[in-house]
Amino acid sequence: MFRLGFSVSGSAAIIFVGIFLAFSTAYTASANGFERVNDARSAVDDEALERQNTAITIINATYDADAGTLSVNVTNEGASELSVGAVDLLVDNTYRANFTARSVAGDSTTDLWLPGEQLHLEVSVSSQPTRVKVVSGPGVADVEVL
């Protein structure tokens, strides 16, 4: 009878320890999952706020036929600082990354485009473009039809 009682008690203890380990593993996994979901929601909210605080306006886009260059001047009219390296230029729906000149308020060494400052972009083109689109890092864009 002593062996029977000990077997039942030992089995019950092993089952309870197993249940405890299984619960602690499941709790840790679910807590980490909820934390990742909350972090992702927070990141989406931050990106939405950045987009709301971003506004750009193309001041002018001029084509110089003699030099074969397109000059585009864009003003950061939002409240967010932008990265010059994250700015994209599309000329007649063609992505252009080969800038011959790129400067913010006359400074070609900076990557920081602050509110109120003007960005100047120059790119070589072979013919008069009809449409220019500038897209900022957060995805806010402006279009100029020439």
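Quick look at the structure, then. Please read all numbers here as calculations on a predicted model, not as lab measurements.

### Here we look at a nonpolar patch on the surface
In step 1: On the surface, a cluster of nonpolar side chains totalling about 340 Å² of accessible area is made up of I15, F16 and I19.
In step 2: Relative to the assigned elements, F16 resides in helix α1 (residues 2-52).
In step 3: Overall, the relative accessible area of 59% leaves F16 in the exposed class.

### Details of the sheet that holds strand β6 (residues 99-104)
In step 1: Within the open sheet, the four strands sit side by side as β1-β2-β8-β6. Their pairing is antiparallel. With partners counted over all chains shown, the strands left at the sheet margins are β1 (56-64) and β6, one partner each. Across the sheet, the mean angle from the axis of one strand to that of its neighbour is 10°, orientation sign disregarded.
In step 2: With seven bridges connecting them, strand β2 (residues 69-76) and strand β8 (residues 118-124) associate as antiparallel partners.

### Examining the environment of G139
In step 1: For G139, the position within the fold is in the loop between β9 (131-135) and β10 (141-145).
In step 2: The class for G139 is partly exposed, based on a relative accessible area of 47%.
In step 3: A sequence separation of 53 residues divides G139 from A86, and the C-alpha atoms of the two residues are 9.5 Å apart.

### Description of the side chain of S103
In step 1: With respect to the helices, strands and loops of the structure, S103 is situated in strand β6.
In step 2: Non-local contacts of S103, meaning those with residues more than four positions away in its chain, are made with S108, Q118, L119 and H120.

### Considerations on unusual backbone geometry
In step 1: Even without glycine at this site, D92 takes up a positive phi of about 50°.
In step 2: Assignment of secondary structure puts D92 in the loop between β4 (88-91) and β5 (94-96).
In step 3: One non-glycine residue, N93, adopts positive backbone phi at about 65°.
In step 4: Mapped onto the secondary structure, N93 falls in the loop between β4 and β5.
In step 5: What makes N93 exposed here is its relative accessible area of 59%.

About the cut-offs
Residues numbered from 1 in each chain as written. Predicted model: local features only at pLDDT ≥ 70, side-chain atom pairs only at ≥ 80, totals over all residues. Heavy atoms only, no water. Patch = residues over 30% accessible without salt bridge, like charges linked within 9 Å, V, L, I, M, F, W, Y side chains within 5 Å. Areas by Shrake-Rupley, 256 points an atom, 1.4 Å probe, with all protein chains shown as cover. Salt bridge = Lys/Arg side-chain N within 4 Å of Asp/Glu carboxyl O. Helix = DSSP H or I, 4+ residues; strand = E, 2+ residues; numbered from the N terminus. Buried < 20%, exposed > 50% of the residue type's maximum accessible area, 1.4 Å probe, protein only. Pairing = 2+ DSSP bridges. Axes fitted to C-alpha atoms, helices over the stretch in contact; angles between N-to-C directions. Contact = heavy atoms within 4.5 Å.

Everything listed here is a matter of geometry and, on its own, says nothing about what the molecule does.
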